[in-house]
Amino acid sequence: MNPYLQVQGLAKTFPGVAGSSELVVFDRINFEIHRGEFVCIIGHSGCGKTTILNVLAGLEQPSSGNVFMDGREVSGPSLDRGVVFQSHALMPWLTVRGNIAFAVRSKWPDWSKLQVNDHVQKFIDLVHLQGSEDKKPAQLSGGMKQRVGIARAFAIQPKMLLLDEPFGALDALTRGNIQDELVEIVQQTQQTVFMITHDVDEAILLADKIFLMSNGPHAVIAEIVENTMPRSRTRTTMHHDPQFYAIRNHLIDFLVKRAKAISSGLEPKPVHPVVVQPGILPKAA
Amino acid sequence: MLSLDRLRPLVLSLMILGLIFGMWALGTMGGSKGQVVDDEYAKLVGAAAATGQKSAFPTPGDFLSKLGGHLADPFYDRGTNDKGVGIQLAYSIARVLSGFTLAAIVAIPLGFIIGMSRTAFQALDPFIQVLKPISPLAWMPLALFTLKDSGVSAIFVIFICSIWPMLINTAFGVASVRKEWMDVARTLEVRPLRKAFQVILPAAAPTIMTGMRISIGIAWLVIVAAEMLVGGTGIGYFVWNEWNNLSISNILTAILLIGLVGMALDFIFARLQRLVTYRD
């Protein structure tokens, strides 16, 4: 099967400030995402995760390299790729319904008011925001705002969904609830997802594959951790699975030690990420 | 029922008003009803202008009865130099609104362009910086010479003074639309015109409205002076005409009405501003 999304030799360089040499945030980024896969990317701040996501979204141009989506090169933003922003980015002058309808009308400008409304309602129901349709974002809690952001991104039924650390600003309880909802929605819609997170448990719960990024500058995707736990895992039960701690420890070890070791040359820097299954082979590294 | 919290400032306000009228009454109490200028000047200007309340500062009672007279019949028209204050105010408001509307039609689209494009901003900024601090009345001779009509010239002066706050605020509002909203619009492939009207305009509306509110305030300040220059009609002309008639009561009436109309205009724009302001 051809990969749905293919990233080849991606690099991002920022020009040096005031005489200093230019800054290579990341280079030689190669990866593939297949249709229906849920991918999480983990790495320390400054390794360029958000830049990669913005390049996939078409909001930023890479310094070199290519991104192909469903056989076509990505050159700018498109309705093919829905984005959930870290700061939810809702328009405060529109209601919940208005915000989602704005996206729906962008995708299907010829739809009647009724069609738009029906479609919007479907996605409001999906994120359990019934009863808040006519509220403005300022009247919503942080979790509800992010739900609207998710509903807006899902409502345009994109080929791929890009989430930039969407739950970073939420408290643990709200975060857990929305994670559950996201699992449910993704299973219903078979959506392909690329998501940035700092939360190791979140990545294990949600992702089929977890990309591990080394520290910048010259950051790379060092490893791809395949989540070998069954997809039926839930937040409340997954820590009883023997695989859970093997995967979790592997991720934590990477973040605590190896991300730095790879960037400082103590460990080799792979051109193509190494695929590992720490759940099955505990001593993969 | 007014609560005590709202009653207290109201009572205080009324007391201050009472104090002003009291001091005014005291200050004008001993004012002679007789001749107040010397004989020679009295001969020159005529008895009516030289004696009695017409030349002395009016008492509060004189003023209030005059004000009552104006308010009882604000729209009479007995020729060029004798029109009711209502008609004069209507002329002024019409001039302000037409000049202001023209300025909005120019300033808001232009502000959009300046706010969107750095090049446009850098190209137009020197002109704005030089033109903005010019007193609008300085344009009057130029306007009279080129437009050849005093009424149109007054409108032009209003136009030129209201354009700057609207232009600058629109440009600022448009330039500071949050990047995340623009990114949302980009990922949704929103077309430029729809982006302008459904993202940038509502996002910048509170700032634009602030500019409009400042503009209408300045326009109302300037119209009085402009009408004193061009003459003919309007509340500014009325003030100057009553100065020539030495009718202090009429001038005070006009001053009060100018204040009230200015307050009403500001109130309307404050309302509009609240209408477009969003909570974030």
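Residues numbered from 1 in each chain as written. Chains lettered and ligands numbered in written order. Predicted model: local features only at pLDDT ≥ 70, side-chain atom pairs only at ≥ 80, totals over all residues.

### Structural notes on the overall build of chain B
- Secondary structure assignment for chain B yields 12 helices and 0 strands.
- In chain B, the succession of α and β elements from N to C terminus is α-α-α-α-α-α-α-α-α-α-α-α.
- Relative to the globule expectation of 19 Å for 280 residues, the C-alpha radius of gyration of chain B, 24 Å, shows a markedly less compact shape.
- For chain B, the spread of C-alpha atoms along the three principal axes comes to 85 × 60 × 30 Å.
- Across the 280 residues of chain B, 31% fall into the buried class. (Helix = DSSP H or I, 4+ residues; strand = E, 2+ residues; numbered from the N terminus. Rg over C-alpha atoms; globule rule 2.2 N^0.38 Å. Buried ≥ 20, exposed ≤ 12 C-beta atoms within 10 Å, placed from the backbone.)

### Section: the sheet that holds strand β5 (residues 72-73) of chain A
Residues and elements named next belong to chain A.
- Here we have 4 strands laid out as an open sheet, ordered β2-β1-β4-β5, and antiparallel in their pairing. Every interior strand has two partners, whereas the edge strands, β2 (23-33) and β5, have only one.
- Bridge analysis of strand β1 (residues 5-14) against β2 gives 7 bridges, and the strand direction is antiparallel. Bridge pairing in β2 links V7 to F31. (Pairing = 2+ DSSP bridges.)

### Considerations on the domain arrangement of chain A
Residues and elements named next belong to chain A.
- Examined at the domain level, chain A breaks down into domain 1 (1-80 + 160-168 + 188-285) and domain 2 (89-157).
- A separation of 29 Å is found between the C-alpha centroids of domain 1 and domain 2.
- The interface is formed by 5 residues belonging to domain 1 together with 8 residues belonging to domain 2.
- Per-class residue counts for the side of domain 1 that touches domain 2 are 4 nonpolar, 1 polar and no charged. (Domains from an automatic or database assignment. Contact = placed C-beta atoms within 7 Å. Nonpolar A, V, L, I, M, F, W, Y, C, P; charged D, E, K, R; others polar.)

### Quick word on the nonpolar core
- Counting 134 residues, the largest nonpolar core has A:V39, A:I100, A:A151, B:V157 and B:I158 as its most contacted members.
- Sort the elements by how many residues they give to this core and helix α10 (residues 192-230) of chain B lands first, with 15 residues.
- Each of two domains, domain 1 (1-80 + 160-168 + 188-285) and domain 2 (89-157) of chain A, supplies a minimum of three residues to this core.
- Those residues in contact with A:V39 that lie beyond four places of it in its chain are A:I33, A:V193, A:F194, A:M195, A:A207, A:D208, A:K209 and A:F211. (Core = buried A, V, L, I, M, F, W, Y, C linked by C-beta atoms within 7 Å.)

### Here's the deal with unusual backbone geometry
- Although it is not a glycine, A:H218 adopts a positive phi angle of roughly 55°.
- Its location among the elements puts A:H218 in the loop between β9 (209-213) and β10 (221-226).
- Overall, A:H218 belongs to the partly exposed group, with 19 C-beta atoms counted inside 10 Å.
- Phi at B:L246 takes a positive value of approximately 55°, unusual for a residue other than glycine.

### Re the confidence of the model for chain A
- Of the residues in chain A, 98% have a pLDDT of 70 or more, and the chain-wide mean is 90.
- When pLDDT is averaged over each element of chain A, helix α2 (residues 96-107) of chain A comes out on top at 96 and helix α5 (residues 172-189) of chain A at the bottom at 88. (pLDDT = per-residue confidence, 0-100.)

### Considering the environment of A:D180
- Considering the arrangement of structural elements, one finds A:D180 in helix α5.
- In this structure, the C-alpha to C-alpha distance between A:D180 and A:R235, residues 55 residues apart in sequence, is 7.4 Å.

### Some remarks on helix α9 (residues 179-187) of chain B
- Buried residues of α9(B): B:V184, B:A185 and B:T187, and no others.
- The secondary structure elements touched by the buried residues of α9(B) are α1 (49-57) and β6 (81-84) of chain A together with α10 of chain B.
- Positive backbone phi, approximately 50°, marks B:E189, located one or two places after α9(B).

### Considerations on the environment of B:S92
Residues and elements named next belong to chain B.
- Residue placement: S92 occurs in helix α5 (residues 85-116).
- A count of 27 C-beta atoms within 10 Å places S92 in the buried class.
- Sequence spacing of S92 and F172 is 80 residues, and the spatial spacing of their C-alpha atoms is 30 Å.
- Discounting chain neighbours no more than four positions away, the residues touching S92 are I223, E227, G234, I235 and G236.

### With respect to the pairing of strand β3 (residues 38-42) of chain A
Residue and element names in this part refer to chain A.
- Within β3, 5 of the 5 residues are buried, which leaves the element mostly enclosed by the surrounding structure.
- Residues F38, C40 and I42 point to one face of β3 and V39 and I41 to the other, with burial holding for every one of them.
- One ladder, built from 4 bridges, connects β3 with strand β8 (residues 192-196); its direction is parallel. Paired with V39 across the strands is F194, a residue of β8.
- The pairing of β3 with β9 spans 4 bridges and is parallel. Counted as the bridge partner of I41 is F211 from β9.

### A look at the packing of helix α7 (residues 140-147) of chain B against helix α8 (residues 150-175) of chain B
Residue and element names in this part refer to chain B.
- Here α7 crosses α8 at 135°, and the two axes come no closer than 9 Å. Judged by the inter-axis angle, α7 sits oblique to α8. α7 and α8 meet at a crossing whose hand is right-handed. Touching M140, A143, L144 and L147 of α7 are S150, V152, S153, F156 and V157, all from α8.
- Residues that form the contact of α7 with α8 fall into these classes: 7 nonpolar, 2 polar and no charged. (Axes fitted to C-alpha atoms, helices over the stretch in contact; angles between N-to-C directions. Parallel < 35°, antiparallel > 145°, perpendicular 65-115°, else oblique. Left-handed = near helix turned anticlockwise from the far one by under 90°.)

### Quick notes on the interface of chain B and chain A
- The interface of chain B with chain A comprises 13 residues on the first partner and 17 residues on the second.
- Broken down by element, the residue count for the side of chain B that touches chain A peaks at 6 residues, all from α9(B).
- Residue composition of the side of chain B that touches chain A, by class: 6 nonpolar, 1 polar and 6 charged.

### Quick look at helix α11 (residues 235-244) of chain B
Residues and elements named next belong to chain B.
- Those residues of α11 not exposed but buried are I235, G236, Y237, F238, V239 and N241.
- As for α11, its buried residues are in contact with α5, α10 and α12 (248-276).
- Just beyond α11, the residue with positive phi is L246, at close to 55°.

### Topic: the environment of B:G111
Residues and elements named next belong to chain B.
- Its place among the elements puts G111 in helix α5.
- Accessibility expressed as a C-beta count within 10 Å gives 26 for G111, which makes it buried.
- Remark: the alpha-carbon pair of G111 and S13, spanning 98 residues in sequence, is separated by 41 Å.

### Focus: the packing of α11(B) against α12(B)
Residues and elements named next belong to chain B.
- Following both chains from N to C, one finds α11 and α12 inclined at 160°, their axes separated by 9 Å at the closest point. Here α11 is positioned roughly antiparallel relative to α12, judged by the angle of their axes. With respect to the hand of their crossing, α11 and α12 are arranged in left-handed fashion. Together, I235, F238, V239, E242 and W243 of α11 and N250, I251, A254, L257 and I258 of α12 make up the contact between the two elements.
- Looking at the contact of α11 with α12 residue by residue, the classes come out as 8 nonpolar, 1 polar and 1 charged.

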